[in-house]
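So you can see what is in the structure, the chains are spelled out below.
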Amino acid sequence: MDDASEILDTISDESSRKIIKLLTNTEYTIQQISDVLNIPLSTVYRKTRKLEELKIIKKTKVVRTLEGLDESYYKNWTYEIVVTYRDGDLSYKLEHLKIEDKIVRLWQKFSE
């Protein structure tokens, strides 16, 4: 399966879209995503792995828990996804958040 088909399959999946939307404004761990969206943990692991592989979300930090385990936090990294079908071929374009957008959002958080 080519990347355009994988992108289309992924954003057509309701659970994946819920995860992307949840991660738009806040970082969450796999466990937190599972709890908030009421999606089984195994499904969240599988979906986040695919979303990260497709560069739709990204791991923002890894925190070591008191138990000595690493806990990864994820965030939506994509501003826009465009899938095009033309002359029998699928193509796609990902627009990632620009660094200036991240700085503006960070500043807004501090000013709240």
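Residues numbered from 1 in each chain as written. Predicted model: local features only at pLDDT ≥ 70, side-chain atom pairs only at ≥ 80, totals over all residues. Heavy atoms only, no water.

Chemist: It is not clear to me how the nonpolar core should be interpreted in this structure. Could you clarify?
Modeler: A general feature of soluble globular proteins is that nonpolar side chains tend to end up buried together. In this structure, L23, I33, L51, I56 and I57 are the most contacted members of the largest nonpolar core, which totals 16 residues. Those elements giving two or more residues to this core turn out to be α2 (14-22), α3 (30-37) and α4 (41-53). Here this core gets three residues from one element, more than from any other, and that element is α2. (Core = buried A, V, L, I, M, F, W, Y, C linked by side-chain atoms within 4.5 Å. Buried < 20%, exposed > 50% of the residue type's maximum accessible area, 1.4 Å probe, protein only. Helix = DSSP H or I, 4+ residues; strand = E, 2+ residues; numbered from the N terminus.)

Chemist: Sorry, what's going on with the packing of aromatic side chains here?
Modeler: To describe a pair of aromatic rings, you give the distance between the ring centres and the angle between the ring planes. Inspection of the entire model under this criterion finds zero aromatic pairs. Seen from the ring of W77, K58 lies directly overhead, with NZ or CZ sitting 4.5 Å from the centre. The ring centre of Y73 lies 4.8 Å from the NZ or CZ of K61, which sits over that ring. (Phe/Tyr/Trp six-rings, centres within 6.5 Å; stacked < 30°, edge-to-face > 60°. Lys NZ or Arg CZ within 6 Å of the ring centre and 35° of its normal.)

Chemist: Explain the side chain of T10 here, please?
Modeler: With respect to the helices and strands, the residue T10 is situated in helix α1 (residues 3-12). Setting aside anything within four residues of it in sequence, one finds T10 in contact with S16, K50, L51 and L54. (Contact = heavy atoms within 4.5 Å.)

Chemist: Is there a simple way to explain α1 in this structure?
Modeler: Every α-helix winds through 3.6 residues per turn, so residues three or four apart in the chain are directed the same way. Buried within α1 we find A4, E6, I7 and T10. All buried residues of α1 fall inside an arc of 160° around its axis, so they share one side. Those residues of α1 that are buried lie in contact with α2, α4, β4 (78-86) and β5 (89-96). (Arc of directions from axis to C-beta.)

Chemist: What am I meant to see in the pairing of strand β3 (residues 70-76) here?
Modeler: When you tally the buried positions in β3, you get five out of seven residues, the bulk of the element. Counting the residues in the hairpin turn of strand β2 (residues 57-64) and β3 gives five residues, including G68, whose phi is positive at 85°. (Pairing = 2+ DSSP bridges.)

Chemist: Is there a simple way to think about a negative patch on the surface in this case?
Modeler: A cluster of acidic residues, D2, D3, D87 and D89, forms a negative patch at the surface. Summarising the element assignment, D3 is placed in helix α1. (Patch = residues over 30% accessible without salt bridge, like charges linked within 9 Å, V, L, I, M, F, W, Y side chains within 5 Å. Areas by Shrake-Rupley, 256 points an atom, 1.4 Å probe, with all protein chains shown as cover. Salt bridge = Lys/Arg side-chain N within 4 Å of Asp/Glu carboxyl O. Lys, Arg positive; Asp, Glu negative; His and termini not counted. Charge placed at Lys NZ, Arg CZ, Asp CG, Glu CD.)

Chemist: So what exactly am I meant to see when it comes to the packing of α2 against α3 here?
Modeler: Between two packed helices, what matters for the description is the angle formed by their axes and the separation of those axes. Where α2 meets α3, the closest approach of the two axes is 11 Å, and the angle between their N-to-C directions is 110°. One way to sum up the angle between α2 and α3 is to call them roughly perpendicular. Of the two possible hands of crossing, α2 and α3 adopt the one that is right-handed. The segment α2 lies against α3, with K18, I19 and L22 engaging I33, V36 and L37. (Axes fitted to C-alpha atoms, helices over the stretch in contact; angles between N-to-C directions. Parallel < 35°, antiparallel > 145°, perpendicular 65-115°, else oblique. Left-handed = near helix turned anticlockwise from the far one by under 90°.)

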